[in-house]
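Inside the fold
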Amino acid sequence: SLFADVFYRVQDAITPNSQIYGTWVEQDVARYAADEFVLSENGVSVRGSVVSTHFDFDGKYFEYKAGNKTYHFRLTNSDKTEMMLVSDNHYNPVFRLKGYIDNSVR
């Protein structure tokens, strides 16, 4: 357990959680139906309530537990402004950091 603590401290120094702090909004759905969550030093908040005080981020994946359910996301771009929920469901929503403007040509 001592080595695990050291490992996580080194990992945090390399990829600080603050890289993904902000409000994340579900894409490609009606604005009124979009899911949204906030990542901060306080943890994960949904609709103004903290659902988890801890989350894991390794630079490519983000994960947190709320109750007995685990949410696992994969970052999809190098800017760390877009992530996809990885699940067994048919629908895997994409979330984008609020305020980020995608300038790519479609």
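Quantities reported herein were computed from a predicted structural model and do not represent experimental measurements.

**Section: the sheet that holds strand β4 (residues 49–52)**
Read across the open sheet, the 9 strands follow the order β4-β3-β2-β1-β9-β8-β7-β6-β5; overall the sheet is antiparallel. Two strands in the sheet have a free side with no partner beyond their single neighbour: β4 and β5 (55–57). Adjacent strand axes in the sheet meet at a mean angle of 30°, parallel and antiparallel pairs treated alike. With 3 bridges connecting them, β5 and strand β6 (residues 61–66) associate as antiparallel partners. Among the inter-strand pairings, Phe57 is bridged to a residue of β6, identified as Phe62.

**Regarding the pattern of salt bridges**
Taken as a whole, this structure holds 1 salt bridge when the rule is applied. Glu82 serves as the salt-bridge partner of Arg96, at 2.7 Å between the closest nitrogen and oxygen. In this pair, Arg96 is assigned in strand β9 (residues 94–97) and Glu82 in strand β8 (residues 82–86), connecting sequence segments 14 residues apart. Each member of the pair Arg96 and Glu82 is classed as buried.

**Some details on the nonpolar core**
A general feature of soluble globular proteins is that nonpolar side chains tend to end up buried together. Core analysis: the biggest nonpolar cluster contains 15 residues, and Phe37 and Phe62 have the highest contact counts within it. Residues contacting Phe62, with those up to four places away along its chain left out, are Ile20, Phe37, Leu39, Val44, Phe55, Asp56, Phe57, Tyr71, His72, Phe73, Leu75 and Met83.

**Some points on the pairing of strand β2 (residues 36–40)**
Sheet topology places strand β1 (residues 22–26) next to β2; 4 bridges connect them, and they run antiparallel. If you follow Val25 over to β2, its bridge partner there is Glu36. Here 3 bridges tie β2 to strand β3 (residues 43–46), and the two strands are oriented antiparallel to one another. Directly across from Ser40, in β3, lies its bridge partner Gly43. Remark: 2 residues form the turn of the hairpin made by β2 and β3, two consecutive strands paired antiparallel.

Conventions and cut-offs
Residues numbered from 1 in each chain as written. Predicted model: local features only at pLDDT ≥ 70, side-chain atom pairs only at ≥ 80, totals over all residues. Heavy atoms only, no water. Pairing = 2+ DSSP bridges. Helix = DSSP H or I, 4+ residues; strand = E, 2+ residues; numbered from the N terminus. Axes fitted to C-alpha atoms, helices over the stretch in contact; angles between N-to-C directions. Salt bridge = Lys/Arg side-chain N within 4 Å of Asp/Glu carboxyl O. Buried < 20%, exposed > 50% of the residue type's maximum accessible area, 1.4 Å probe, protein only. Core = buried A, V, L, I, M, F, W, Y, C linked by side-chain atoms within 4.5 Å. Contact = heavy atoms within 4.5 Å.

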